[in-house]
Structures are given as C-alpha cells and as structure tokens.
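Residue-level structural notes
Each chain, written out:
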Amino acid sequence: MDIWSTFGIFALFSILTRTALSAGNSPWVYLRFTVVGYIRLLGNLKGDDDNHGDFKSENVNFAWQHDARIHNETDESLVLSLYNNAAMDHSDPGPSTGLVIHVDLVNKKAWRIQELTDPTDHIVSATQGSFQFLPNSGTEHMLLGYGSIPKLKEYDGDGNVVLRGQFGKDTFSANAYRIFKFPWSATPHWDPALFVNHTTSHMTDLYMS
C-alpha cells in the first residue's frame, strides 16, 4: 500500500505528531513511525481476518477506526487501544466498540485483550470517536466517546458500563471528535441551576446549567 497516495499531505502531519496512525477509511493501523531525517514505517496491523498486514491477528476486527494509541511499549511488545467504528460494512454495521489489543513485536502476532460494548445500546457511529484509559481511576476504567453519536460511556476493568452520558437530543443533534475525562474543580460566581425530573421509579433526569 502506498502511504502517500492513501493519506496525502494530512498523513505527513499525523505521522510527525503521533506514534500510531489510524487510517480511518480503511481497516489499517500503522503502529509506529520513526522520524530521523526521513519517515520509516515499522509495522502495520489490519483489522480483518485475511492477515494481510505485518502481524498475524487473532480476534482482532475493526473498520473506520479512530484514536489509535500505544501503551506499555517495550522492545518485545506493546498494547494498542483504539475506537472501532465498525461501520464499513453497511449491510450489517456495528456495534461500534472500544478495543484493547496486545501486539507481539517479536513473533509478529496480535490478539484482542478486551472489547468494550454496551449490550443494551447498539451504537453505530460512522465517523470520529475516542478511547481513553482514565487516570487515577483506582481500577483500570476506560472512557469511550462515540463520535457522530452524541453519547459517552465509562467502563470498568471488567467491561461493565458504570457511567452513561448523552449531550444531544438525538443522533444528528451533536457530535464530538474526542471526549476526555480528567479531575477538575472550580467555584463559579453564581449558584448552579438544577432541574430534577423523576421519569420513572428507577430513573431520574437531571438538567443543569
């Protein structure tokens, strides 16, 4: 695959600023780039079952992915996280998920460690999306932003949803390229306004400004 014809000038900016480049319109993640007067591709992982990438993969499937990031990198291995839009096959799309993948750099193998999905909410986001390992969460919590769908979900280390959020009325009302969560505190100059609506005996809607 010719990287220049695939990504054009935008790829150059991405390569120089990131250690994992996700080809959002194809099932490829270019794992690492080194810039020493030139650009050198060290490896790529393809998110389907034909194993045409540099790594033989097991249970690793993704398409139109975003926010690929490298963690715990050594000379022998690394962990790759990404947001999997899973929206390429429009005949049976989704659900969009978060993926954690172990990559064996020595034996050129990759396998799925964890896949984050909410079985009660089938989400398919055709564009954008993000994955964040949450800092100082006690256990390893993870946050997914669903891109073109105005939702976010926090998962615990076992893959259970512990927080759901929505910031738009419907699918097309809002979107977010990336969603992050960090510790933050502030004291406003005015009192907060809060409206509480008990919709059912088990559910309450909160509206605040």
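Up top is the structure these notes are about.
All figures in this text were calculated on a predicted structure; none of them were measured in a lab.

Taken together, five strands build an open sheet; the order of strands is S4-S8-S7-S6-S5 and the sheet is mixed. Single-partner strands in this sheet number two, and they are strand S4 (56-58) and strand S5 (66-71). Neighbour-to-neighbour, the strand axes of the sheet open up by a mean angle of 25°, direction not taken into account. In this sheet, strand S6 (residues 77-84) lies alongside S5 in antiparallel orientation, the contact comprising four bridges.

Let us now look at the nonpolar core. In this structure, Phe55, Val60, Phe62, Ala68, Ile70, Leu78, Leu80, Leu82, Leu99, Ile101, Val103 and Ala110 together form the largest nonpolar core, which totals twelve residues. Listed by contribution, the elements that provide at least two residues to this core are S5, S6 and strand S7 (97-104). Contacts of Leu99, omitting those with residues within four sequence positions, involve Asn61, Phe62, Leu80, Ser81, Leu82, Asn84, Arg112, Gln114, Glu115 and Phe131. Among the nonpolar cores identified, the runner-up in size contains eleven residues, and Leu116, Leu144, Tyr146 and Ile149 belong to it.

All chains considered together, the criterion is met by four aromatic pairs. Aromatic side chains Phe195 and Tyr207 sit 6.1 Å apart centroid to centroid with 40° between the ring planes, which places their arrangement in the tilted category. Separated by twelve residues along the polypeptide, Phe195 in strand S13 (residues 194-200) and Tyr207 in strand S14 (residues 203-208) bring together distant segments of the chain. Lying across the ring of Tyr177, Arg178 places its NZ or CZ 4.1 Å from the centre.

Rules behind the numbers
- Throughout this document, residue positions are counted from 1 along each chain, in the order its sequence is written.
- Reporting in this predicted model follows two pLDDT cut-offs: at least 70 for local features of residues, and 80 or more for side-chain atom pairs to be given and counted; totals over whole chains, interfaces and linings ignore these cut-offs and use all residues.
- The side-chain quantities take in all heavy atoms of the structure and omit both hydrogens and water.
- Paired strands, as defined in this entry, are two strands with at least two bridges between them according to DSSP.
- Secondary structure elements follow DSSP: runs of H or I no shorter than four residues count as helices, runs of E no shorter than two count as strands, and numbering proceeds from the N terminus.
- To obtain each axis, a line is fitted to C-alpha atoms, and for helices this fit is confined to the stretch in contact; angles are then taken between N-to-C directions over 0 to 180 degrees.
- Residues grouped as a nonpolar core are buried Ala, Val, Leu, Ile, Met, Phe, Trp, Tyr and Cys residues, joined through side-chain atoms within 4.5 Å.
- Only protein chains enter the calculation, and the probe is 1.4 Å; a residue is then buried if its accessible area is under 20% of its type maximum, exposed if over 50%, and partly exposed in between.
- Pairs of residues are marked as contacts when any of their non-hydrogen atoms sit within 4.5 Å.
- Stacked, tilted and edge-to-face pairs are distinguished by plane angle, under 30 degrees for stacked and over 60 for edge-to-face with tilted covering the rest, among Phe, Tyr and Trp rings (Trp via its six-membered ring) whose centres lie within 6.5 Å.
- Both a distance and an angle decide whether a charge sits over a ring: NZ of Lys or CZ of Arg must be within 6 Å of the ring centre and within 35 degrees of the ring normal.

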